[in-house]
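# Coordinate analysis (summary)
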Amino acid sequence: MAFKRIGSVLLHYRVQGPAGAPTIALVNSLGTDARIWDAVIESLVPRYRVISYDKRGHGLSDAPSGEYCLDEHVDDLAGLLGHLGVHTLALAGVSVGGLISQAYALRHPERLRGLVLCDTAAKIGDVAAWEQRIAAVRSGGMEGLVDAVMERWFAEAYRREKPDQLAGWRNMFMRIPAHGYANTCATLRDADLREKVHAIRTPTLVVAGDQDLATPVELVRDTAERIPDARFVEIANAGHIPSIEQPETLIELMQSFLSEIGHD
């Protein structure tokens, strides 16, 4: 395990793959940690240097008090990449990780060779819904949310056919600090990049699980249409986190995209 304090926040991160290889960084979703990318990392490391980390409020990273804003998440990522000496990279993010990735692309376009956005949007949800979620977590913890979240994350077939895996991901969610989760919900409540993402010029692949209830296909497609020349792909039999449910499909899409843009 590796740790680095970026400003006042300690981040847990992992670097895998050969030194000197093209770099790709992966950003996790709300209520998860970097392990959601493990199957993808296993396939990428023979050819890529892969960086994954637990964003603030999650996993083994610090969960500071106070609501988090999108710029703070981007600062964390930029600081970590600076610590690791990464000057050019491809970036992939899912859900709020995809929102962080969009914001990073807007702030540091000169560093990005490619952008992969999974089950995310330029604006996710509305203020009232996030306020309700924040209040529920602060009053009752994670327990009251977990079953509904599992339904939004995973396709019905996955939940029915893989109960042990589902139980493991449920455990991961339950062990996220409740205040870290709530503080990250504030990021989603406040962030709105709909009138900004048209400025992204980085080659972009946007994917959506066809059974995602957290960021439905049409919401994800709308963001893809706002980014010039972005490619949109719908992944069959997947919910909100395709790196868990359909890793082979996501890996194939990512590797093909990275090769096409010359980041290989």
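Please read all numbers here as calculations on a predicted model, not as lab measurements.

So, on to the state of the cysteines. According to the stated counting rule, one finds zero disulfides in the structure shown. Between C118, a cysteine without a disulfide, and C185, which holds the nearest cysteine sulfur, the sulfur-to-sulfur distance is 20 Å. C185 takes part in no disulfide bond, and the closest cysteine sulfur to it belongs to C69, at a distance of 15 Å.

This part is about the nonpolar core. Among the nonpolar cores identified, the biggest contains 87 residues, and I24, W37, L91, Y104, F173, Y181 and M254 are the most heavily contacted of them. The contacts of I24, once residues within four sequence positions are left out, are L44, Y48, R49, V50, I51, A90, L91, A92, M254 and L258.

A few words on the pairing of strand β1 (residues 2-6). Along any regular strand, the residues point their side chains to alternate faces of the sheet. Bridge count for β1 against strand β2 (residues 9-16) is five bridges, and the pairing is antiparallel. Each bridged residue has a counterpart across the sheet, and for F3 the counterpart in β2 is H12. With antiparallel pairing between neighbouring strands as the criterion, β1 and β2 make up a hairpin whose turn holds two residues, including G7 at a positive phi of roughly 65°.

Here we come to helix α11 (residues 247-260). In this model, α11 (14 residues) spans 20 Å end to end at C-alpha, consistent with the 20 Å of a helix rising 1.5 Å per residue. Taken as a whole, α11 has its buried residues at P247, L250, I251, M254, F257 and L258. Projected down its long axis, α11 shows its buried positions confined to an angular sector of 140°, all on one face. Turned more than 90 degrees off the buried face of α11, the exposed positions are E248, E252 and E260. Positioned one or two residues after α11, G262 has a phi angle of 80°, which is positive.

Applying the stated criterion to the full structure yields 23 salt bridges. Where R138 meets E67, a salt bridge forms, and the shortest distance between an N and an O atom there is 3.7 Å. With a gap of 71 residues between them, R138 in helix α4 (residues 127-140) and E67 in the loop between β4 (49-53) and α2 (70-83) connect regions that are remote in the sequence. The shortest N-O distance in the salt bridge between E156 and R160 comes to 2.4 Å. With E156 and R160 both in helix α6 (residues 156-161) and four residues apart, the pair spans about one turn of that helix. Through salt bridges with shared partners, a single network forms among E67, E131, R138, R189 and D190.

Our next topic: a nonpolar patch on the surface. A contiguous nonpolar patch, built from M1, F3 and L60 and spanning about 360 Å² of accessible area, is present on the exposed surface. Looking at where L60 falls in the secondary structure, it is placed in the loop between β4 and α2.

Turning our eyes to something else, we now look at the packing of helix α5 (residues 146-153) against helix α7 (residues 163-174). Remark: α5 packs on α7, axes separated minimally by 11 Å, with the N-to-C direction vectors making an angle of 125°. Comparing the axis directions of α5 and α7 gives the class oblique. Seen from above, α5 lies across α7 with right-handed handedness. Counting all contacts with α5, which are made through V146, D147, V149, M150 and W153, the residues of α7 involved are L166, W169, R170, M172, F173 and M174. Across the contact of α5 with α7, the residue classes tally to nine nonpolar, no polar and two charged.

Rules used throughout
- Residues numbered from 1 in each chain as written.
- Predicted model: local features only at pLDDT ≥ 70, side-chain atom pairs only at ≥ 80, totals over all residues.
- Heavy atoms only, no water.
- Disulfide = S-S within 2.5 Å.
- Core = buried A, V, L, I, M, F, W, Y, C linked by side-chain atoms within 4.5 Å.
- Buried < 20%, exposed > 50% of the residue type's maximum accessible area, 1.4 Å probe, protein only.
- Contact = heavy atoms within 4.5 Å.
- Pairing = 2+ DSSP bridges.
- Helix = DSSP H or I, 4+ residues; strand = E, 2+ residues; numbered from the N terminus.
- Expected span 1.5 Å × (residues − 1).
- Arc of directions from axis to C-beta.
- Salt bridge = Lys/Arg side-chain N within 4 Å of Asp/Glu carboxyl O.
- Patch = residues over 30% accessible without salt bridge, like charges linked within 9 Å, V, L, I, M, F, W, Y side chains within 5 Å.
- Areas by Shrake-Rupley, 256 points an atom, 1.4 Å probe, with all protein chains shown as cover.
- Axes fitted to C-alpha atoms, helices over the stretch in contact; angles between N-to-C directions.
- Parallel < 35°, antiparallel > 145°, perpendicular 65-115°, else oblique.
- Left-handed = near helix turned anticlockwise from the far one by under 90°.
- Nonpolar A, V, L, I, M, F, W, Y, C, P; charged D, E, K, R; others polar.

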